[in-house]
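# An overview of the molecular structure
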Amino acid sequence: MLEKDKQLKLQRNRQSEEEELIRSQLESLMELSQRQFALYEISKDPKKNKIPEESKEEIIDKSIACGKKEAQKLIERYKDHSASEIASKLGIQVKYKDQEESPLDALYFGLYDSPNTITLYKKNISIAESLLEKLEYKLINVSLVDMVLSHELFHFIEFHNKTLYTNTKGIKLWSLGKFYTRTSKLNCTSEIAAMSFSKTLLGLNVDPNILDYIFLTSFNFEKGKELFHRIMALE
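Notes on the structure follow.

So, how was this worked out
Residues numbered from 1 in each chain as written. Predicted model: local features only at pLDDT ≥ 70, side-chain atom pairs only at ≥ 80, totals over all residues. Heavy atoms only, no water. Helix = DSSP H or I, 4+ residues; strand = E, 2+ residues; numbered from the N terminus. Buried < 20%, exposed > 50% of the residue type's maximum accessible area, 1.4 Å probe, protein only. Pairing = 2+ DSSP bridges. Axes fitted to C-alpha atoms, helices over the stretch in contact; angles between N-to-C directions. Contact = heavy atoms within 4.5 Å. Phe/Tyr/Trp six-rings, centres within 6.5 Å; stacked < 30°, edge-to-face > 60°. Lys NZ or Arg CZ within 6 Å of the ring centre and 35° of its normal. Expected span 1.5 Å × (residues − 1).

## Describing the overall build of the protein chain
Across its full length, the protein chain carries 10 helices and five strands. Residues classed as buried in the protein chain amount to 45% of the 235 residues present.

Next up, the structure:
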C-alpha cells in the first residue's frame, strides 16, 4: 500500500511539473511576434529549401497583409457577426465531426473542402480545450472553435479569389535555360495569411499559430515541448 501511495505521489508531482512547464511555455509563445510565427510556417513548408533568404521578408509581410486585408473587408461588411454567422452568410456549410472515421481524422482540427464546406473536428478541439481548463489558463478571448473556423474561412476566400497574393506568389523550382521555368505555389503564404486573417477577424490577443502548440501538447507532452523549442529557436 505504501509503495502504491508513493507511486501516486510521484505521478501527481510529475503531472504538476508538466502543467507548470506548459504554462511557462504558453506565456513565452504569447510574447512572440507574427513575424516569428511566420518563420515557423516557412520552416514547415515542403518547398522551404527553394525559398531564397532574401525573399522571406516579402513573403512574411505580404502574406500577413493579405490575410489582414481580407479580414477587414468582412469586418466592414458584417460588423459584429460571429465567425459562424459570417460563414453562413457566405454560403459555407460547416460540419461538426465528433467521431474518427479514419486515422487521418486524429490529425485535424479543421479542414476546408472546396467549394464551400468546412469540417470542424470537435472531439480533437475539446481535448485541447480540456488542457487549458485543467491548467486553469485563460489564454485567449475567444473559443478554440472560432479560431479554427476563422482560419478555414480564409481558405474558402482564398479558393474563390485567385488574385490574392497567396495564389499569385510562386517560387522557382527549376529551369531549362531561358526557355522554361517551373514555378510552384507555397503552402506557407496561405498559412501565414490565414493566421493573420483569424487574428484580425476575431481581434485576438495572441497569434493563432499558438494553437499548434496547444493541440500537440494536449495529445503528446513531449512532442509539444519539442515544438516549443523549435519555434523559439527561429529568428
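After that view of the structure, there is still more to cover.
## Concerning the sheet that holds strand β2 (residues 110–113)
Spatially, β1-β3-β2 is the arrangement adopted by the three strands of the open sheet, whose pairing is mixed. On the outer flanks of this sheet lie β1 (93–97) and β2, each paired with one strand and no other. Pairs of neighbouring strands in the sheet enclose a mean axial angle of 20°, with direction left out of account. The pairing of β2 with strand β3 (residues 117–121) spans four bridges and is classified as antiparallel. Opposite Asp113, over in β3, you have Thr117 as the bridge partner. Contacts from helix α5 (residues 122–135) reach β1 and β3 within the one sheet, and its direction differs from that of β3 by about 45°. Relative to the sheet, helix α6 (residues 144–160) contacts β1, β2 and β3, its axis offset from that of β2 by approximately 20°.

## Considerations on the packing of aromatic side chains
Within the structure shown, the criterion is met by six aromatic pairs. Through successive ring pairs, a cluster of aromatic residues spans Phe109, Phe215 and Phe219. The ring of Phe159 carries the charged tip of Lys162 above its face, separated from the ring centre by 4.4 Å.

## A look at helix α3 (residues 56–78)
In this model, α3 (23 residues) spans 33 Å end to end at C-alpha, consistent with the 33 Å of a helix rising 1.5 Å per residue. Listed as buried for α3 are Lys56, Ile59, Ile60, Ser63, Ile64, Cys66, Gly67, Glu70, Ala71, Leu74 and Tyr78. Elements that come into contact with the buried residues of α3 comprise α2 (34–44), α4 (83–89), α6, α7 (165–168) and α8 (187–202). Positive phi appears at Lys79, one or two residues downstream of α3, with a value of about 55°.

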